[in-house]
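Breakdown of the fold
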Amino acid sequence: IDLYKNLNLERSADSEAVRRAYRKLAPRFNNKGNAPDAFDHFKNVSEAYVLSNQKLRAIYDQYGTDELKKGVPANYGFDGYSGGYAYHGQPHETFSDFFGGKNPFADFFAVHNEGAASHSNAAPAAAFPQKFGSKFGGMYGMNHPNAASAPPAQDTAVEKELKVTLEELYLGCVKKVRVTRKVLTDDGITTMDVDRVLTIEVQRGWKNGTRVTFPREGDQGPNKIPADIVFVIKELPHSRFVRKGNDLILTTKMSLSQALVGSIVEVYTLDNRTLQIPVNDVVHPDYVKEVNKEGMPISKTVDKGKLLLKFTVEFPTFLTMEQKLALKKNLP
């Protein structure tokens, strides 16, 4: 399931864009006079509205729908997530909650609040009381019984660029980033600087602009909820390949004789293999040789994009009279 596709959004879209997309699409399909498949579209759009919740979205972006339901074990830089979220399958209820001002996720968080352990780096309870599970930032639901008392505001998310090579996006890798944050001391008022190493598991096939969120890893302080830290993938230029979506483009040189009669092209891949690719067609200026399943891995699947070979034909700078006559005789 691609929740972003359900809302016609890119993965870089922010929460406000998610809400705008739902506001636009949900009424379109919530109409009994629409086509028979309108309800299916309505349900898909409503299910995708979970992306408006930054904490659930962070789990989905990094691990996918299954882990959103089943949970994710703890690892370095991440306390884990016990799971338990599943869309209730009632798009009209989500629609009513959205346009009526109720929080569609309040019941889910209220249940997870029972017996939830506080984060090891969280501020004392008096600094920011929690109405939902500690893993999700102590947010309040608009329909929670105690929602009348205004919660502390959460700081704006802190975005950091994470530079990765094309090889790292092809193979996957682990990045460790040291961050310094202010942590409340025992008095609940003053803070001290603490270094922390966050671990990012870069998945094969991630694209430029993919966002990885560490909930509430920003500075602590009295009467505020720490900001999320968001790492945004920045793909570095490659010396040979150009990425276009899931495809890889390689431009290589070829002599005029090779372009006319064919040749074998050697390609050194991002995972250190050597491909021997036969080119038997006449290579013209717009010619592109496509090689299936030799492009970038497609995230969350076992498939790959294409390798697209383009050619720069090198012409001779001089021809003898005999060569000219031979070409004139044999070429159309």
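Residues numbered from 1 in each chain as written. Predicted model: local features only at pLDDT ≥ 70, side-chain atom pairs only at ≥ 80, totals over all residues. Heavy atoms only, no water.

To describe a pair of aromatic rings, you give the distance between the ring centres and the angle between the ring planes. The full count for this structure, using the stated rule, is 5 aromatic pairs. Measuring from ring centre to ring centre gives 5.8 Å for F214 and F231, while their planes differ by 90°; the resulting arrangement is edge-to-face. Of the two residues, F214 sits in strand β4 (residues 211–214) while F231 sits in strand β5 (residues 229–235), which places them 17 residues apart along the sequence. For F214, a relative accessible area of 3% translates into the label buried. Of note, K300 hangs over the ring of Y60, and the distance from its end group to the ring centre comes to 4.3 Å. (Phe/Tyr/Trp six-rings, centres within 6.5 Å; stacked < 30°, edge-to-face > 60°. Helix = DSSP H or I, 4+ residues; strand = E, 2+ residues; numbered from the N terminus. Buried < 20%, exposed > 50% of the residue type's maximum accessible area, 1.4 Å probe, protein only. Lys NZ or Arg CZ within 6 Å of the ring centre and 35° of its normal.)

Reading across the sheet, the 3 strands line up as β1-β5-β4 and stay open at both edges, with mixed pairing between neighbours. Each edge of the open sheet carries a strand with a single partner, namely β1 (158–164) and β4. On average, each strand axis in the sheet is tilted by 25° relative to the strand beside it, whichever way the strands run. Across 7 bridges, the pairing between β1 and β5 is parallel. When the sheet's bridge partners are listed, K160 is paired in β5 with F231. (Pairing = 2+ DSSP bridges. Axes fitted to C-alpha atoms, helices over the stretch in contact; angles between N-to-C directions.)

A word on the pairing of strand β8 (residues 263–268). Taking every second residue as pointing to the same face, the buried face of β8 carries S263, V265 and V267, while none of I264, E266 and Y268 on the other face is buried. For β8 and strand β9 (residues 274–279), the ladder comprises 6 bridges, and the chain directions are antiparallel. Residue S263 lies in a different strand from β9, and its bridge partner there is V279. Here β8 folds back onto β9 in antiparallel fashion, the turn holding 5 residues, of which N272 has a positive phi close to 65°.

On to the packing of helix α2 (residues 15–29) against helix α3 (residues 38–48), then. Put simply, α2 and α3 touch, their axes get as near as 8 Å, and they point 155° apart. The angle between the axes of α2 and α3 places the two elements in the roughly antiparallel class. Crossing handedness for the pair α2 and α3: left-handed. Each of Y22, L25, A26 and F29 in α2 lies in contact with α3, whose residues at this interface are A38, H41, F42, V45 and S46. Grouping the constituent residues of the contact of α2 with α3 by class yields 7 nonpolar, 2 polar and no charged. (Parallel < 35°, antiparallel > 145°, perpendicular 65-115°, else oblique. Left-handed = near helix turned anticlockwise from the far one by under 90°. Contact = heavy atoms within 4.5 Å. Nonpolar A, V, L, I, M, F, W, Y, C, P; charged D, E, K, R; others polar.)

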